[in-house]
Amino acid sequence: MQHEEKHPTRLSTARSRELGEELRRARQRAGMSSGAVSEALGWSLGKLSKLETGSRGTSAWEIGTLLGRCGADKATRERVLAIASEPDTGTFLRRHTAVPDDLLALTLHEGTARTVTAYEPVTVPSLAQTEDYAHALTGDRDLARTRVARQENLRRAGGPDTLVIVHEVALRLVVGSREVMRDQLLRLVLMCGWTGFSPRVIPLAAPGHTALRHPATLLTFGAPTRPLAYTETDTATVFHDDPDAVTAYQAKMRHLQRLVLSPERSRDVLVRWADAYDRENR
């Protein structure tokens, strides 16, 4: 076995886990087992495992060697090496087209979270949208289906406890059509009965506060993984696991949770709006 440069085991970060997942997927796309790759490169299985879980430092040379052995294409090599070259500051940005639903950093961490708290100020949060509602927002049916698939991933056995905070403004704003809105409200009512899933409504009468201004999602994980917050813009999503940034998002979510109605009263509001849209469609 070749001499291995010493890189100590470390606490993984959101960025290092994203990098590790990119490497794991490149290996799997090549149809190569971890044992075969380790043997071909003269690495220990432990070294490769730590690289793929983001718990070991590495170098551009090692990454290039691994990707070359897996026959990764040029686009993959450039994307992975760009991630590897970023300083791990606790904040990173990932560009997207219309929506971020297929970003690896997003789906990877939703898949391992213990809790998810999501808020959007004027629309139903992405994690609670119907396909037709998402299609009306994005104009892309495939993207809408990807968004619904994210919801199903959260509902898997052992999935996270998910709190979706909906401002009543979003219930009044007609997206698509009144029929789309009726079905969206009925979906939210149905979600009130799901295990581990809780839609909660901020009423119109709630006082204004800076915490209401911007969308955000906060994820927590089993120890020792740090919480992760992210917020979406029109062209990119910004991820934070820097403790100071996460503390600010935790304070934001605590304030929002002080504004929400109880589960029972939230359901009553959702039922009332569903009935209103239903009457208009008769």
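How each quantity is defined
Residues numbered from 1 in each chain as written. Predicted model: local features only at pLDDT ≥ 70, side-chain atom pairs only at ≥ 80, totals over all residues. Heavy atoms only, no water. Phe/Tyr/Trp six-rings, centres within 6.5 Å; stacked < 30°, edge-to-face > 60°. Helix = DSSP H or I, 4+ residues; strand = E, 2+ residues; numbered from the N terminus. Buried < 20%, exposed > 50% of the residue type's maximum accessible area, 1.4 Å probe, protein only. Lys NZ or Arg CZ within 6 Å of the ring centre and 35° of its normal. Salt bridge = Lys/Arg side-chain N within 4 Å of Asp/Glu carboxyl O. Contact = heavy atoms within 4.5 Å. Patch = residues over 30% accessible without salt bridge, like charges linked within 9 Å, V, L, I, M, F, W, Y side chains within 5 Å. Areas by Shrake-Rupley, 256 points an atom, 1.4 Å probe, with all protein chains shown as cover.

### Let's talk about the packing of aromatic side chains
One pass over the full model with this rule turns up four aromatic pairs. Ring centres 5.6 Å apart and planes at 45° place the aromatic pair Tyr-230 and Phe-239 in the tilted group. On the basis of an interplanar angle of 35° and a centroid distance of 6.0 Å, the ring pair of Trp-273 and Tyr-277 is categorised as tilted. Taken together, the residues span about one helical turn, with Trp-273 and Tyr-277 both in helix α12 (residues 263-280) at a distance of four residues. Among the residues examined, Trp-273 registers a relative accessible area of 17% and is labelled buried. Exposure remark for Tyr-277: the relative accessible area of 2% places this residue in the buried category. Site record: aromatic cluster; members linked through ring pairs are Phe-92, Tyr-230 and Phe-239. The residue whose ring lies beneath Arg-17 is Phe-221, and the NZ or CZ to ring-centre distance is 5.8 Å. One cation-aromatic arrangement involves Arg-155 over Trp-194; the distance from NZ or CZ to the ring centre is 3.6 Å.

### Things to note about the pattern of salt bridges
Tallying each qualifying case throughout the model produces 25 salt bridges. Glu-168 serves as the salt-bridge partner of Arg-272, at 3.8 Å between the closest nitrogen and oxygen. Linking Arg-272 in helix α12 with Glu-168 in helix α9 (residues 168-172), this pair joins segments that are 104 residues apart in sequence. Take Arg-272: its relative accessible area is 47%, and that puts it in the partly exposed class. Through salt bridges that share partners, Arg-15, Glu-18, Glu-86, Asp-88 and Arg-94 make up one connected network.

### Focus on the environment of Val-175
Relative to the assigned elements, Val-175 resides in the loop between α9 and α10 (178-191). Here Val-175 falls in the buried class, since its relative accessible area comes to 6%. Contact partners of Val-175, with chain neighbours within four places excluded, come to Tyr-133, Ala-136, Leu-137, Val-180 and Met-181.

### What about a nonpolar patch on the surface?
A cluster of nonpolar side chains, namely Val-122, Val-169, Leu-173 and Leu-204, defines an oily patch on the protein surface of about 280 Å² accessible area. On the secondary structure map, Val-169 appears in helix α9.

In short, shape yes, function no, at least from these values alone.
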